[in-house]
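The residues making up each chain are set out below.
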Amino acid sequence: MTTPVRRVAAALILGAALVTAGCGTTEAGRAATVDGKVITETDVQTARTQINTTFPAANLTTSQVLGRLIAAPVILSIAERQGTPVSESIAQTTYTTQPDYNGEKPEAPTLEVLRAELALQQFQQSQTQVPVSEFQKLKVVVNPRYGRFDPASALVTEQTPDWIKPAAAKQ
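No experiment lies behind these values; they were computed from the predicted model shown.

Draft legend 1. Expanded view of helix α5 (residues 108–125). The terminal C-alpha atoms of α5, which comprises 18 residues, lie 26 Å apart, in line with the 26 Å expected from a rise of 1.5 Å per residue. Within α5 the residues assigned to the buried category are Pro109, Thr110, Leu111, Val113, Leu114, Arg115, Ala116, Leu118, Ala119 and Phe123. Tucked into the core, α5 has its buried residues touching α2 (41–54), α3 (62–81) and α4 (88–96). Two residues or fewer after α5 comes glutamine 127, characterised by a positive phi angle close to 55°.

Draft legend 2. Spotlight on the pairing of strand β2 (residues 37–40). In terms of strand pairing, strand β1 (residues 30–34) meets β2 through 4 bridges, oriented antiparallel. Pairing of arginine 30 across the sheet is with threonine 40, part of β2.

Draft legend 3. Fine view of the packing of α2 against α3. Orientation of α2 relative to α3, taken along the N-to-C sense of each, is 110°, at an axis distance of 9 Å. In terms of their interaxial angle, α2 and α3 are classed as roughly perpendicular. Contacts from Asp43, Val44, Gln45, Ala47 and Arg48 of α2 reach α3 at Thr62, Val65, Leu66 and Leu69. Residues of the contact of α2 with α3, tallied by class, amount to 5 nonpolar, 2 polar and 2 charged.

Draft legend 4. Geometry of the side chain of threonine 33. Within the element layout of this structure, threonine 33 appears in strand β1. The residues contacting threonine 33, other than those within four sequence positions of it, are Val38, Lys139, Val140 and Val141.

Draft legend 5. Highlighting the pattern of salt bridges. Summed over all chains, the structure comprises 4 salt bridges. The salt bridge partner of glutamate 117 is arginine 68, with a shortest N-O separation of 2.8 Å. Here arginine 68 lies in helix α3 and glutamate 117 lies in helix α5, a separation of 49 residues in the sequence. Exposure remark for glutamate 117: the relative accessible area of 26% places this residue in the partly exposed category. We note a salt bridge from arginine 115 to glutamate 112, for which the minimum N-O separation is 3.7 Å. Remark: glutamate 112 and arginine 115 occur in helix α5; sequence separation between them is 3 residues, near one turn of the helix. A residue is classified by how much of its surface remains accessible, and arginine 115, at 18% relative accessible area, is buried. A relative accessible area of 21% means that glutamate 112 is categorised as partly exposed.

Here is what the cut-offs are and how they apply
Residues numbered from 1 in each chain as written. Predicted model: local features only at pLDDT ≥ 70, side-chain atom pairs only at ≥ 80, totals over all residues. Heavy atoms only, no water. Helix = DSSP H or I, 4+ residues; strand = E, 2+ residues; numbered from the N terminus. Expected span 1.5 Å × (residues − 1). Buried < 20%, exposed > 50% of the residue type's maximum accessible area, 1.4 Å probe, protein only. Contact = heavy atoms within 4.5 Å. Pairing = 2+ DSSP bridges. Axes fitted to C-alpha atoms, helices over the stretch in contact; angles between N-to-C directions. Parallel < 35°, antiparallel > 145°, perpendicular 65-115°, else oblique. Nonpolar A, V, L, I, M, F, W, Y, C, P; charged D, E, K, R; others polar. Salt bridge = Lys/Arg side-chain N within 4 Å of Asp/Glu carboxyl O.

Have a look at this one:
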């Protein structure tokens, strides 16, 4: 190899290393980070698939599942403080007794979403509101592909990036 070819090869290797270091493990596979806890894209996809299979009427999007995973710890904490905790075993029993249950064991993210949903049902029956301030305390970083977390609604709202402009209406 000649010296100019070696320099070009070295520059390409260095450039590739810098590029991959900048977008490597810090964001790869993360759907969101909540107070330092990572929610992976796999968690979101697993929960979405399992819930939509077992509860077909739910028809949740990935953004909806992510919002529920972000909000779940707050909701479950409030339920526990009120003396009405929702255990993993209750969620598992609810899941496995559904008519559309296919025999697949529910994964942890699926049970987390279901536990929060069951707690919210208890809140509705007791006419309890989850204070927005509880969600505002969270430090949430959402992968932009899912949208952004709205503490007022405790949902991940899908967003169109600034660089995408709507097409002009045809006349």
